[in-house]
Amino acid sequence: MLSEKTVVSVFLDKLKELGWSESSFCPRLVRGSVFIVDDFRESFKRLNERVLRAEGLGDKLDVIFDKVRELLERAEPHELLEYLKVGVNVKEGKKSVKVKLIDYENVDNNKYIVCREVELYGEHMNIRPDTVLYVNGIPLVVVEVKDPLRLGEKAIDEGVNQLYRYEREAPWLFKYVQIGIVYTDDESSVYMPMMRDWRGRERLYSRWRDENGNYNILDLLRKDRILDILRWFTFYK
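The notes below deal with the structure included here. Keep in mind that this is a model prediction, so the values were computed, not measured.

A separate point is the overall build of the protein chain. Counting its secondary structure elements, the protein chain contains eight helices and nine strands. Projected onto the principal axes, the alpha-carbon positions of the protein chain cover approximately 60 × 40 × 35 Å. Here the protein chain holds 237 residues, and 51% of them are scored as buried. Counting only contacts in the protein chain whose residues sit at least 6 apart along the sequence, the fraction spanning at least 24 positions is 65%. Total accessible area on the protein chain stands at roughly 11800 Å², and carbon and sulfur atoms take up 47% of it. Here the protein chain carries 40 positive and 42 negative side-chain charges, and the mean point of each set is 4 Å from the other.

Now for the sheet that holds strand 6 (residues 131-135). Taken in spatial order, the five strands make up an open sheet running 4-6-7-8-9, and their pairing is mixed. Looking at the sheet topology across the chains shown, the edges are occupied by strand 4 (112-116) and strand 9 (190-193). Strand-to-strand, the axes of this sheet are offset by a mean angle of 20°, without reference to chain direction. As judged from the four bridges shared by strand 8 (residues 179-183) and strand 9, these two strands associate in the antiparallel manner. Considered in strand 9, the bridge of I181 is made with Y191.

It is worth spelling out the packing of helix 2 (residues 37-54) against helix 3 (residues 61-74) at this point. Contact geometry of helix 2 with helix 3 gives a least axis separation of 10 Å together with a crossing angle of 120°. When the interaxial angle is binned, helix 2 and helix 3 end up oblique. Seen along the crossing, helix 2 lies across helix 3 with a hand that is right-handed. Taking contact as the criterion, the partners of V37, F40, R41, F44, K45, E49 and L52 in helix 2 are, on helix 3, L61, D62, I64, F65, V68, R69 and L72. For the contact of helix 2 with helix 3, the residue count by class is nine nonpolar, no polar and five charged.

What follows is about the layout of surface pockets. Put simply, the largest pocket is a space of about 520 Å³. Every residue lining the largest pocket is counted, 25 residues in all, and those nearest its centre are Q178, P193, F233, T234 and F235. At the level of secondary structure, the elements contributing two or more residues to the lining of the largest pocket comprise helix 4 (77-86) and strand 9. Looking at which element gives the most residues to the lining of the largest pocket, the answer is strand 9, with three residues.

The next subject is the pattern of salt bridges. For the structure on display, the rule yields 23 salt bridges. Between K111 and D39 there is a salt bridge, with its nearest N and O atoms 2.9 Å apart. With a gap of 72 residues between them, K111 in the loop between strand 3 (95-99) and strand 4 and D39 in helix 2 connect regions that are remote in the sequence. Classification of D39 by relative accessible area gives buried; the value is 1%.

For the rest of this paragraph, the subject is empty space enclosed by the protein. Counted by the stated rule, this structure contains one cavity of 30 Å³ or more. Put simply, the largest cavity is a space of about 40 Å³. Lining the largest cavity, in full, are L140, V141, Q178, I179, I226, L230 and T234. Among the secondary structure elements, those contributing two or more residues to the lining of the largest cavity are strand 7 (138-145) and helix 8 (223-232). Of the residues that constitute the lining of the largest cavity, the class distribution is five nonpolar, two polar and no charged.

Rules used throughout
- Residues numbered from 1 in each chain as written.
- Predicted model: local features only at pLDDT ≥ 70, side-chain atom pairs only at ≥ 80, totals over all residues.
- Heavy atoms only, no water.
- Helix = DSSP H or I, 4+ residues; strand = E, 2+ residues; numbered from the N terminus.
- Buried < 20%, exposed > 50% of the residue type's maximum accessible area, 1.4 Å probe, protein only.
- Contact = heavy atoms within 4.5 Å.
- Areas by Shrake-Rupley, 256 points an atom, 1.4 Å probe, with all protein chains shown as cover.
- Lys, Arg positive; Asp, Glu negative; His and termini not counted.
- Charge placed at Lys NZ, Arg CZ, Asp CG, Glu CD.
- Pairing = 2+ DSSP bridges.
- Axes fitted to C-alpha atoms, helices over the stretch in contact; angles between N-to-C directions.
- Parallel < 35°, antiparallel > 145°, perpendicular 65-115°, else oblique.
- Left-handed = near helix turned anticlockwise from the far one by under 90°.
- Nonpolar A, V, L, I, M, F, W, Y, C, P; charged D, E, K, R; others polar.
- 1 Å grid on protein atoms, 1.4 Å probe; cavity = no way out; pocket = protein on both sides within 12 Å on 5 of 7 lines; lining within 4 Å.
- Points joined across faces, edges and corners; volume = space filled by probe spheres on them.
- Salt bridge = Lys/Arg side-chain N within 4 Å of Asp/Glu carboxyl O.

Functional significance is not addressed by these values, which are geometric in nature.
Structure, rendered in structure tokens:
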């Protein structure tokens, strides 16, 4: 019988085949910022260095990054989602420039990181999701892995309830995280929207179909697919 750790390892191997990678900067215990700051900073500079230099702000990269990071941390969920989709307008001196957090036109120009068992400070107890997926150092997906052989039909319900608990305990994470997934295998896994203000409220969840009509959660986690969902099919209400 497979152990849950084995199922996690199998899942991670499949993510790596899709272009996700593990980072040496993955946090172990998070009490403050939920970003992978080094990856966030490196990605921000790569995506925006050209436009900032064109505006005569090339020497202000670090200053503008700090402003953007502070703005994101103060933003309400609906504002944060808009920043993820269309970028951020930043003022530096007398100049105003628009910078982007994600490159939707060149999917491979982003950095896709998966971290295992990141422990986050919780309101009553800490949480430790099996995996957190980051794009350019920003957490966007939380995946809870369950062993279908051990849990049987209870696997999905147990995983969904765990995602609800994470949302209640660490709502600040779910200002950024837009999608929650319970992974059991490629066909039976489910996904659902996540939101800070829901605080564990029950909601619909579904299996994901690929373009051929087959159930396959890995299709949702393709780099191009996850960005399309974020950009065009994720809304705040």
